Amino acid sequence: MAGEESRQESLDEDLSVHIFTVSATMVGVCLTAIGLIRVVITIRGVETIIDTMVGLDAILFVISGLLAYWSLRSRKHGRHHRIEAVAERVFIAAMVMMGISCLFLVFGIKRI
C-alpha cells in the first residue's frame, strides 16, 4: 500500500513537472508561429485570424504552466490535486486549440 502511494505521488509530481515544462516550450512555439504568420501576412498583404488564435493559445499555455507551477508549490497544503487537474484540463484545451490552429493555417495557406 505504501509503495503504491509513493508511486502515485511520483506520477502526480511528474505530471505537474511535464505540464510546466511543455507549456513553457509551447509558449515559445506559439511566439515563433505568430512571427512567421505575421511575415506571411505582411508579404502577401492579407489578414487572417490564425495569429490571433495562436496568441490565445499561448495564453492558455501560460495559464496551464502557472497552474502546474502552483500545484508544485502547494504540495505541502494538500490542494495540489485540484490545481493539477485544472492545469491538465487547460493544457489539453490548449493542445486541441493548437491542432485547430494548425488546420486553419494549412487551409489558410492553400487559400492565400
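Residues numbered from 1 in each chain as written. Predicted model: local features only at pLDDT ≥ 70, side-chain atom pairs only at ≥ 80, totals over all residues. Heavy atoms only, no water.

Caption draft 1: Examining the confidence of the model for the chain more closely. Of the residues in the chain, 82% reach a pLDDT of 70 or more, and the chain-wide mean stands at 84. Of all secondary-structure elements in the chain, the lowest mean pLDDT belongs to helix H1 (residues 2-44), at 81, while helix H2 (residues 50-73) reaches the highest, 93. (pLDDT = per-residue confidence, 0-100. Helix = DSSP H or I, 4+ residues; strand = E, 2+ residues; numbered from the N terminus.)

Caption draft 2: Structural view of the packing of aromatic side chains. Taken as a whole and assessed by the stated rule, the structure comprises two aromatic pairs. When the centroid spacing of 5.6 Å and the interplanar angle of 35° are considered together, the rings of Phe20 and Tyr69 count as tilted. In this pair, Phe20 is assigned in helix H1 and Tyr69 in helix H2, connecting sequence segments 49 residues apart. For Phe20, a relative accessible area of 33% corresponds to the partly exposed category. Tyr69 gets classed as partly exposed once you look at its relative accessible area, which sits at 42%. Relative to Phe91, the ring of Phe61 has its centre 5.8 Å away and its plane inclined at 70°; by these criteria the two rings are edge-to-face. Of this pair, Phe61 sits in helix H2 while Phe91 is found in helix H3 (residues 80-111), placing the two residues 30 residues apart along the sequence. Here Phe91 falls in the buried class, since its relative accessible area comes to 16%. (Phe/Tyr/Trp six-rings, centres within 6.5 Å; stacked < 30°, edge-to-face > 60°. Buried < 20%, exposed > 50% of the residue type's maximum accessible area, 1.4 Å probe, protein only.)

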